[in-house]
Amino acid sequence: MTEGIDRQLPSPAPAVVPETEPFWAATAEGRLLLPRCAACATVIWYPKGICPECGSLDIGWVEASGEGEVYTFTVSRRGEGAYLDAGPFVLAYVELDEGPRVMTNIVGCSPESVRIGLRVRAVFDDTGQGSALVRFAPVER
Amino acid sequence: MSIRGQAFIAGAYEHPRRKIPDRSVAQIHAEVAVGALADAGLSFSDVDAYFTVDQTGLGAITLAEYLGLKVSYIDSTLTGGSSYLVHVGHAAAAIAAGKCNVALITLGGHVRPAPGVGRAPGVGTPHGPFEEVYGVTTVNNYALAARRHMYEFGTTSEQLAEVKVAASHHAQYNPDALLPNVVTVEEVLASPLVADPLHRLDSCVMTDGGGALVVVSPAVAKTLDRTCVKVLGQGEAPKHTMNGRVDVTYTGAVWSGPMAFAEAGVTVADVDYASIYDSFTITVIETIEDLGFCEKGRGGDFVLDGGLISPTGRLPFNTDGGGLCNNHPVNQGGMTKVIEAVRQLRGEARPEVQVPDCEIALAHGSGGRISSRMGSSTLVLGREDA
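Note that this is a predicted model, so its numbers are computed, not measured. (Residues numbered from 1 in each chain as written. Chains lettered and ligands numbered in written order. Predicted model: local features only at pLDDT ≥ 70, side-chain atom pairs only at ≥ 80, totals over all residues. Heavy atoms only, no water.)

## A few points about the pattern of salt bridges
Going through the model one piece at a time under the given rule, you end up with 27 salt bridges over all chains. Asp196(B) is the partner of Arg77(A) in a salt bridge, and the nearest nitrogen-oxygen pair spans 3.9 Å. Remark: Asp196(B) occurs in the loop between strand S5 (193-195) and strand S6 (198-199) and Arg77(A) occurs in the loop between strand S3 (67-76) and strand S4 (89-96); the pair is interchain, linking two chains. Taking relative accessible area as the criterion, Arg77(A) reaches 36% and is therefore assigned partly exposed. Looking at Asp196(B), the relative accessible area reads 14%, which means it is buried. One salt bridge in this structure joins Arg119(A) and Asp97(A), with 3.0 Å as the shortest N-O distance. You can see Arg119(A) sitting in strand S6 (residues 119-126) and its partner Asp97(A) sitting in the loop between S4 and strand S5 (101-105), a full 22 residues away along the chain. We classify Arg119(A) as partly exposed; its relative accessible area is 25%. Through salt bridges with shared partners, a single network forms among Glu67(A), Asp97(A), Arg119(A) and Arg121(A). (Salt bridge = Lys/Arg side-chain N within 4 Å of Asp/Glu carboxyl O. Helix = DSSP H or I, 4+ residues; strand = E, 2+ residues; numbered from the N terminus. Buried < 20%, exposed > 50% of the residue type's maximum accessible area, 1.4 Å probe, protein only.)

## Remarks on the domain arrangement of chain B
All names here are of chain B. By the assigned domains, chain B splits into domain 1 (8-111 + 208-228) and domain 2 (136-205 + 234-383). For domain 1 versus domain 2, the distance between C-alpha centres works out to 24 Å. Across the contact, 38 residues belong to domain 1 and 33 residues belong to domain 2. Counting the surface lost from both domain 1 and domain 2, the interface buries some 2500 Å², and carbon and sulfur atoms represent 63% of this. When residues of domain 1 are sorted by the area they lose upon contact with domain 2, Glu14, Arg18 and Leu85 head the list and together hold 27% of the total. Joining domain 1 to domain 2, the criterion identifies three salt bridges. (Domains from an automatic or database assignment. Contact = heavy atoms within 4.5 Å. Buried area = accessible area lost by both parts, 1.4 Å probe.)

Given below as structure tokens:
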């Protein structure tokens, strides 16, 4: 049951554009930023330059708690691209305490121990290119 | 304006092959176009509207040129596997508006390159960098939906497997089916997990191939010897992640279904046969719930006891064997969904699976990925005299 606990998943670098550069720059510092609409205060996901609720183009950033819980997950046994030889890994949506459900991986535990509702906290896996992937590990009790 | 009764499907043709390495993509389009026009009793010179998804960067123009078409109406709408149901609806609307009289719709090609063929994560889409870096694939994306559906509604792997079992029961009568062997629930559960809870046998086949449809005006339909199928209603609805409030337990069918039923003036109780998009077994379970064939969350119960098996089940579905067993050309199964519905309404399905006295048929297409962003389109068709 310990397989996967210390195994490193691939960390392919995302394509970064000016619109999303603050998000990725923060990840490299171990911080999770969320876009928030300056007009209607809606928290936005995924990061983008427009508020999908009110249409405002005035978007700011707020720092997230980094905690949430697993909304759904799968143990994916056949990867593609950078994950072709990764072995089994957990793909999940985590519902952040701030609201958005974000696609991610669950790490730091055996895939068999992941459950819907599991409390998790963000960890940051360096891509080596000025960004880090935001993954989640179980909150220690 | 409604499209009800304003257009008829006069020609339908499914490419008989499942592996076609010796043909170019354009050649496959040509072969299915010839097949569908011959089925209708029409020729290329009759065609004044052309529909196909964009595979070339110049929409339908490239293939219109290849096929030698001179048309006054083109549409290259791409909504994944649901594209061809959308095309039928758009063709009917264009005909109803007087823009054209004979619309040709084609799909053709080879299945996508093998997994692992390099693609930089997320390049070119705004969402990609926040998803693809985590290893999302088509299968594991659908698995996210299956897991949550099980959690919320108690759906089981055995219930998912029943969908595949029913499809395989139909495929045994289709000599063109890629997988003609009947399988059991136990065999589905014993097949390798690709992304749990989805097994290999919960997944559709991957095939080369194609198909074509000819949609005509009522005036043209009257001149044809061929039995036509009446277009009664169509709905289309994209569904996406809704600003981080993604809910993977339902599909866009919750919107496209009511639109199509309202336009057609029928209800689920009137549907004699349904082609339900079956990229994965979970796709079918969620879709039949969302279309209203059963209560939300009860799709797993609905498919038990041969519920989907023709002609005796509660809802005879995918009598060609569907994408799960027969054919899923170019990963876009919407075309074959319409074609089998046409066969049923003409009384030309395989005798063992023909629904007796089939008057109203539904075809539903999905596209993209159920747990992120997807296209949905529902088409309601009736017999010529419906």
